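Here's the letter readout for the chains.
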Amino acid sequence: MTATRVAAVDCGTNSIRLLIADLDPRTGEITDLDRRMLIVRLGQDVDRTGRLAPEALERTFAACREYAAVIAEYGVGPERTRFVATSASRDAENAAEFTKGVREILGVEPEVVSGDEEAQLSFTGATKELTGLPAVPAPYLVFDLGGGSTEFVLGGGRVQAARSVDIGCVRLTERHFAGVELPTEERIAAARADIEAALDLAAEVVPLTEAASLVGLAGTVTTVAAIALDLPAYDSQAVHHSRLTLAQVREVTGRLLRSTHAERAAIPVMHPGRVDVIGAGALVLLSIMERTGAAELVVSEHDILDGIAWSVAG
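Residue indices begin from 1 for each chain and proceed along its sequence in written order. Only residues with pLDDT of at least 70 get local features here, since the model is predicted, and only at 80 or more are side-chain atom pairs given and counted; chain-wide, interface and lining totals rely on the full set of residues. Side-chain calculation: all heavy atoms of the structure are included, whereas hydrogens and water are not.

## What to know about the sheet that holds strand 7 (residues 150-155)
Point 1. Strand pairing is assigned whenever DSSP detects at least two bridges linking the two strands. Secondary structure elements are defined from DSSP: runs of H or I of at least 4 residues count as helices, runs of E of at least 2 residues count as strands, and each element is numbered from the N terminus. Here six strands make up an open sheet; going across it, the order is 8-7-6-9-11-10 and the pairing mixed. Looking at which strands have only one partner, the edges of the open sheet turn out to be strand 8 (159-165) and strand 10 (243-245). With strand direction ignored, the average angle separating the axes of adjacent strands in the sheet is 25°.
Point 2. As paired elements, strand 10 and strand 11 (residues 296-300) share three bridges and run antiparallel to each other. Following the sheet pairing, leucine 244 is matched in strand 11 by leucine 297.
Point 3. Across the sheet, helix 12 (residues 278-292) lies against strand 6 (140-145), strand 7, strand 9 (213-217), strand 10 and strand 11, angled at about 165° from strand 6, the strand it touches most. With axes taken as lines fitted to C-alpha atoms, and helix axes fitted only over the stretch in contact, angles between N-to-C directions fall between 0 and 180 degrees. What makes two residues a contact is simply this: any of their non-hydrogen atoms within 4.5 Å.

Here it is in structure tokens:
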């Protein structure tokens, strides 16, 4: 059986990512041909206004035009391309404008998936290569810490429970840290209260303390891992399947919340689009580790984007 070439696009609150890959469903092997990310901040002000801002839409459409050229270059047709949109476009009153623009540029219908389906895709992407590894035993609690929402999924060979909650690095920053160089203890406490309320909602459906392995996904988690590893430049191979201890997460989170914008921007592994939201994101990560009681987590570079790709391959 030959490999199937697919294109997957994950359009979230903060970033839009593209993966073009050859997949072998028989072996479970995924071979990246092109994997890239652009920070477009589609969810700019959605929490406050309920609408996608015109400038955020234009940034996203510009990224789509770039991705359309790459997809064509690799010869992937619309029947093997899937575009999944997540939290920001679920929440927006003018989501139809977003849908129309993407359809015109890429020739595919963007799917604004539910939080539960988002969780399932994240779980598939993160765990497909972990199955059977003694060092990372099942069941797994996978969490995908995004810009506007965080998905929690518990499962082994299959998903047992999943829930998406509206807490993420962009949403928290806009609520509590916007325009603030160094957040006060009061602001941090207010953000913590929001996070804990969201974790309470997640725990109503997903047991947060019953997993053998905690697996963390997405840019906040991978950036905190790269900082903890003291990498001179971002290295996805070094980050993928690295392990973060609770003590490391607590130290990095404290450092980020005490740092100025310039100091965060000067961190070698920091993507410019994450500088103003990484502190809030790290606070979510720390809260998750404390709530689950996990001494460490496994960091995965494979996430919802890989899950979308596998869903296309069937």
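Now that the structure has been shown, we can carry on.
## Section: the packing of helix 6 (residues 169-177) against helix 12
Point 1. It is the contact of helix 6 with helix 12, at a shortest axis distance of 8 Å, that shows an interaxial angle of 110°. One finds that helix 6 runs roughly perpendicular with respect to helix 12. In this structure, helix 6 crosses over helix 12, and the sense of that crossing is right-handed. On helix 12, the residues that touch Cys169, Leu172, Thr173 and Phe177 of helix 6 are Ala280, Gly281, Leu283 and Val284. Convention used here: angles under 35 degrees read as roughly parallel, angles over 145 as roughly antiparallel, angles from 65 to 115 as roughly perpendicular, and any remaining angle as oblique. Note: crossing handedness is left-handed where the near helix turns anticlockwise from the far helix by less than a right angle, and right-handed where it turns clockwise.

## Here's the deal with the pattern of salt bridges
Point 1. A pairing counts as a salt bridge when a side-chain nitrogen of Lys or Arg comes within 4 Å of a carboxyl oxygen of Asp or Glu. A complete count under the given rule lists 24 salt bridges for this structure.
Point 2. Between aspartate 303 and arginine 17 there is a salt bridge, with the nearest N and O atoms lying 3.0 Å from each other. Of this pair, aspartate 303 sits in the loop between strand 11 and helix 13 (304-313) while arginine 17 sits in strand 2 (residues 15-24), placing them 286 residues apart in sequence. Just as aspartate 303 is buried, arginine 17 falls in that class too.
Point 3. A salt bridge links arginine 243 to glutamate 296, with the shortest nitrogen-to-oxygen separation between them at 2.7 Å. Working definition: with a 1.4 Å probe on protein chains only, accessible area under 20% of the residue-type maximum means buried, over 50% means exposed, and in between means partly exposed.

## Topic: the packing of aromatic side chains
Point 1. Pairing of aromatic rings covers Phe, Tyr and Trp, the last counted by its six-membered ring, and requires centre-to-centre distances within 6.5 Å; plane angles under 30 degrees mean stacked, over 60 mean edge-to-face, and any other angle means tilted. Going through the model one piece at a time under the given rule, you end up with three aromatic pairs.
Point 2. Judged by centre distance (6.1 Å) and plane angle (55°), the rings of phenylalanine 83 and phenylalanine 98 are tilted. With phenylalanine 83 in strand 4 (residues 81-85) and phenylalanine 98 in helix 4 (residues 95-106), this pair connects stretches of sequence that are 15 residues apart.

## Comments concerning the environment of threonine 245
Point 1. Within the secondary structure, threonine 245 is located in strand 10.
Point 2. Note on threonine 245: relative accessible area 29%, which makes it partly exposed.
Point 3. Sequence separation of threonine 245 and alanine 228 is 17 residues, and the distance between their C-alpha atoms is 9.4 Å.
Point 4. The residues contacting threonine 245, other than those within four sequence positions of it, are Met289, Ala295 and Glu296.

## Some details on the packing of helix 6 against helix 7 (residues 185-203)
Point 1. Interhelical geometry of helix 6 versus helix 7 gives an angle of 140° and a closest axis separation of 10 Å. Viewed along their axes, helix 6 and helix 7 adopt a mutual orientation that is oblique. In the crossing of helix 6 with helix 7, the sense of the turn from one axis to the other is right-handed. The residues of helix 7 that touch helix 6, namely those facing Leu172, Arg175, His176 and Phe177, are Arg187, Ile188, Ala190, Ala191, Asp194 and Ile195.
Point 2. In the contact of helix 6 with helix 7, the residues fall into six nonpolar, one polar and three charged. Charged means Asp, Glu, Lys or Arg here, nonpolar means Ala, Val, Leu, Ile, Met, Phe, Trp, Tyr, Cys or Pro, and polar covers whatever is left, Gly included.

Geometric values such as these leave the question of function open.
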